[in-house]
Amino acid sequence: MENTSMGSSRILMSLAALVLVAAGLNAAKVILVPVLLAGFIAIISAPPMFWLQRKGFPTWLALLIVILGVFLLGMVVATLIGTSVGDFTRNLPNYETRVREQTGDAVILLQRMGIRVSSAELIRFFDPGAAMKLIGMLLNALGNMVTNGLLVLLTVIFMLLEASSFPAKLRLILGGENSLEKFEYFLHNVQHYVAIKTIISLITGVLVAVLLIALRIDYPFLWGLLAFLLNYVPNIGSIIAAIPAVLLALIQFGLFKAVMVAIGFLTVNLLLGGLIEPRFMGRELGLSTLVVFLSLLLWGWLLGPVGMLLSVPLTMTAKIALDSHEDTRWIGVLMGPEKPLSTKRTAE
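Residues numbered from 1 in each chain as written. Predicted model: local features only at pLDDT ≥ 70, side-chain atom pairs only at ≥ 80, totals over all residues. Heavy atoms only, no water.

What about the side chain of T204?
Along the chain, T204 turns up in helix α7 (residues 181-214). Residue classification places T204 among the buried residues on the basis of a relative accessible area of 3%. Apart from the residues within four sequence positions on either side, T204 is in contact with A227, N231, V268, N269 and L272. (Helix = DSSP H or I, 4+ residues; strand = E, 2+ residues; numbered from the N terminus. Buried < 20%, exposed > 50% of the residue type's maximum accessible area, 1.4 Å probe, protein only. Contact = heavy atoms within 4.5 Å.)

Looking at the environment of V206
Looking at the element boundaries, V206 is found in helix α7. For V206 and A227, which are 21 residues apart along the polypeptide, the C-alpha to C-alpha distance reads 8.8 Å.

What to know about the layout of surface pockets
The gaps left among the atoms become clear once a water-sized probe is rolled over them. Looking at the largest pocket, its volume works out to about 1,400 Å³. Along the walls of the largest pocket sit 42 residues, with I41, V70, L73, G74 and V77 positioned nearest its centre. Secondary structure elements with two or more residues in the lining of the largest pocket: α2 (29-54), α3 (59-112), α5 (128-147), α6 (149-174), α7, α8 (220-230) and α12 (305-309). The residue inventory of the lining of the largest pocket, partitioned by class, reads 35 nonpolar, 7 polar and no charged. (1 Å grid on protein atoms, 1.4 Å probe; cavity = no way out; pocket = protein on both sides within 12 Å on 5 of 7 lines; lining within 4 Å. Points joined across faces, edges and corners; volume = space filled by probe spheres on them. Nonpolar A, V, L, I, M, F, W, Y, C, P; charged D, E, K, R; others polar.)

Structural notes on helix α9 (residues 236-253)
Its 18 residues give α9 an end-to-end C-alpha distance of 26 Å, which sits within 8% of 26 Å, the value for a rise of 1.5 Å per residue. Along its length, α9 reaches its greatest deviation from straightness, about 30°, at I243, and the proline P244 lies no more than four positions downstream. Burial in α9 covers these residues: G237, I240, A241, A242, P244, A245, L247, L248, A249 and I251. Note on α9: the residue one or two positions beyond its end, G254, has a positive phi of about 105°. (Expected span 1.5 Å × (residues − 1). Bend = angle between axes of the 7 residues up to and from the residue.)

Description of the packing of α2 against α3
For the pair α2 and α3, interaxial distance at closest approach is 9 Å and the crossing angle is 140°. The angle between the axes of α2 and α3 places the two elements in the oblique class. α2 and α3 meet at a crossing whose hand is right-handed. Touching I41, S45, P48, M49, L52 and Q53 of α2 are T59, A62, L63, I65, V66 and V70, all from α3. Grouping the amino acids of the contact of α2 with α3 by side-chain chemistry returns 9 nonpolar, 3 polar and no charged. (Axes fitted to C-alpha atoms, helices over the stretch in contact; angles between N-to-C directions. Parallel < 35°, antiparallel > 145°, perpendicular 65-115°, else oblique. Left-handed = near helix turned anticlockwise from the far one by under 90°.)

Focus on empty space enclosed by the protein
Within the structure shown, the criterion is met by 1 cavity of 30 Å³ or more. Each pocket or cavity is described by its volume, and for the largest cavity that value is around 30 Å³. The wall of the largest cavity is formed by T204, A227, L230, N231, G237, S238, A241, F265 and N269. Of all the elements in the fold, those that place two or more residues in the lining of the largest cavity are α8, α9 and α10 (255-281).

Thoughts on a nonpolar patch on the surface
A surface patch of nonpolar side chains, about 420 Å² in accessible area, is lined by L150, L154, F158 and L161. Its location among the elements puts L154 in helix α6. (Patch = residues over 30% accessible without salt bridge, like charges linked within 9 Å, V, L, I, M, F, W, Y side chains within 5 Å. Areas by Shrake-Rupley, 256 points an atom, 1.4 Å probe, with all protein chains shown as cover. Salt bridge = Lys/Arg side-chain N within 4 Å of Asp/Glu carboxyl O.)

In structure tokens:
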């Protein structure tokens, strides 16, 4: 009985500590969001910097080249967001009105076909304008994120400066080369995941932009950028990214073009997310669908829209950290996707 009560007390104390940590993260999100975003960019930028160093570039020059690349890319994204988001936000009320009008026309058509549907009830339960407002809020959050660009860039610079000396510091603290094996394994898996996911997301964004340009949909580069960002959120992200483009196609050209856009999004995501990405990512770096959904809710509540965008990379980092230790590997297995039964005994 005494051991049981001690175990229960330990569990309750752990849960209470988690609640306190979550409350602290939520309170500090103004500072935490730029730091996490900078860390995400630094993880992507570190391999090119180390590659330049191995090619004989001095550290300062390799860092300067990488930072210039990050800065130029950030300027392109900031210009795209600045020019497109403002225009889209100004036209948002007109888009919402036209979507509601088309919804009303669809209800009238259904009623003529003998299907009894109330226009008011349909719009109340399924309001297309609400989807457009959600996209507008997400784009405004991206605009606010760009305003912190200088802080993010400075944090990335200092993180990359520390990246070169951090292994030596750990070696000095822990003692010996073998002590870094787990850390290097963890860091390698995080970089592998982020690199593959970023490449797949970039290809997704480019293909979506090309598709929308070909179909003459408004703001194709903006929706391509949104597809790139939301591709970090599996399953749900691709659906959210497709909504504004499909609605705009419906508003501009009618149902046929909207169906074409939806089929295009579905094809791109099935091809890249369903076939190519698992081949390079591997099942061991995957997450279960339930964990993806819960992480989206958790990080979205803690850090806002940016937390939703980074929810899977953050959860994936936690899973890799848990997999790196024997005592916590079982938690990482529970967070992963369903694995087929081992065929080792059959092979023997």
